[in-house]
Amino acid sequence: MRRLLPFLLPLLALAQAPYRVEGSAVYRGTFLFGAWEGKNPTARGEVLWDGRERAGGRVCVEQGAWDSGNAERDEKARKILKAEEYPLACLYPERAHREGEAFVVEGTLEMVGKRRPVRIVGTLLEGSPMRFRGSFRTRFSEWGLERPSFLFLEVDDPLEVRLEATLR
């Protein structure tokens, strides 16, 4: 048994029970004369983390649930995101680790039928429950999406996305 232990430890770490995730996402859009935010409180899923670096699982948001406080803008966002055809945007974490003071989650984001790598930098407060806050930048152009316009001004291509999650 003692000889098997070094081989079983990595498998035991991978067999760790999943964390149930609940949270929210906020995007910040900008244009020449200002900015606005859209919030989505529907982040749900399960993730695995070995406590060192390996991660797995899936966390999704409902694309039809974005709320910027402006019904017309939100309807346009649902059309741009093709929310009826692609109702979920999902994060598939592959690595989760500390880099100095930061906690980094790397993986794949799937949205509008496309997949792109994503690197989310933030903080992890360990305990029960664990809490994660992080952010990343993306672009409409990376996803082949039309940029919304406001008073004939196109929204800037980059968007900042902030995430908050509780892991139990």
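Procedures and definitions
- Residues numbered from 1 in each chain as written.
- Predicted model: local features only at pLDDT ≥ 70, side-chain atom pairs only at ≥ 80, totals over all residues.
- Heavy atoms only, no water.
- Pairing = 2+ DSSP bridges.
- Helix = DSSP H or I, 4+ residues; strand = E, 2+ residues; numbered from the N terminus.
- Axes fitted to C-alpha atoms, helices over the stretch in contact; angles between N-to-C directions.
- Salt bridge = Lys/Arg side-chain N within 4 Å of Asp/Glu carboxyl O.
- Buried < 20%, exposed > 50% of the residue type's maximum accessible area, 1.4 Å probe, protein only.

Re the sheet that holds strand S10 (residues 158-167)
- An order of S1-S2-S3-S4-S5-S6-S7-S10 is seen for the 8 strands of this closed barrel, with the pairing classed as antiparallel. Averaged over all adjacent pairs, the angle separating strand axes in this sheet is 30°, with direction ignored.
- As paired elements, strand S4 (residues 88-99) and strand S5 (residues 102-111) share 9 bridges and run antiparallel to each other. By the bridge assignment for S5, Leu91 is matched with Leu109.

Some words on the pattern of salt bridges
- Under the defined criterion, the tally for this structure stands at 14 salt bridges.
- Across the pair Glu37 and Arg162 runs a salt bridge, and its minimum N-O distance is 3.1 Å. Within this pair, whereas Glu37 is found in strand S2 (residues 34-49), its partner Arg162 is found in strand S10, the two being separated by 125 residues in sequence.
- Residue classification places Glu37 among the partly exposed positions, given a relative accessible area of 29%.
- Arg95 is paired through a salt bridge with Glu53; the nearest N and O atoms lie 2.7 Å apart. With Arg95 in strand S4 and Glu53 in the loop between S2 and strand S3 (55-62), the pair connects residues that are 42 residues apart, well separated along the chain.
- Since its relative accessible area comes to 32%, Arg95 is described here as partly exposed.
- Overlapping salt bridges, with partners in common, bring together Glu53, Arg95, Glu99, Glu106 and Arg119 in one network.

Looking at the pairing of strand S1 (residues 19-31)
- Across 12 bridges, S1 lies against S2 in antiparallel orientation. Across the sheet, the residue bridging to Val26 is Lys39, located in S2.
- Counted along the chain from S1 to the antiparallel partner S2, the turn is 2 residues long.
- Of the strand pairs in this sheet, S1 and S10 are connected by 8 bridges, and their pairing is antiparallel. Its bridge partner being in S10, Ser24 is matched across the sheet by Glu164.

Focus on unusual backbone geometry
- Pro129 follows Ser128 through a cis peptide bond whose omega is 5°.
- Looking at the element boundaries, Pro129 is found in the loop between strand S6 (114-125) and strand S7 (130-139).
- One non-glycine residue, Lys82, lies in the positive phi region at around 50°.
- Locating Lys82 in the fold gives a position in the loop between helix H2 (71-80) and S4.
- Of the residues examined, Lys82 reaches a relative accessible area of 40% and is grouped as partly exposed.
- The backbone of Val112 sits at a positive phi, close to 45°, despite the residue not being glycine.
- Counting through the fold element by element, Val112 comes out in the loop between S5 and S6.

Some details on the pairing of S3
- Here 6 bridges tie S2 to S3, and the two strands are oriented antiparallel to one another. By the bridge assignment, Trp49 is partnered in S3 with Ala55.
- Hairpin connection between S2 and S3: a loop of 5 residues separates the two successive antiparallel strands, and Gly51 in this loop has a positive phi of roughly 85°.
- With 4 bridges joining them, S3 and S4 adopt antiparallel strand pairing.

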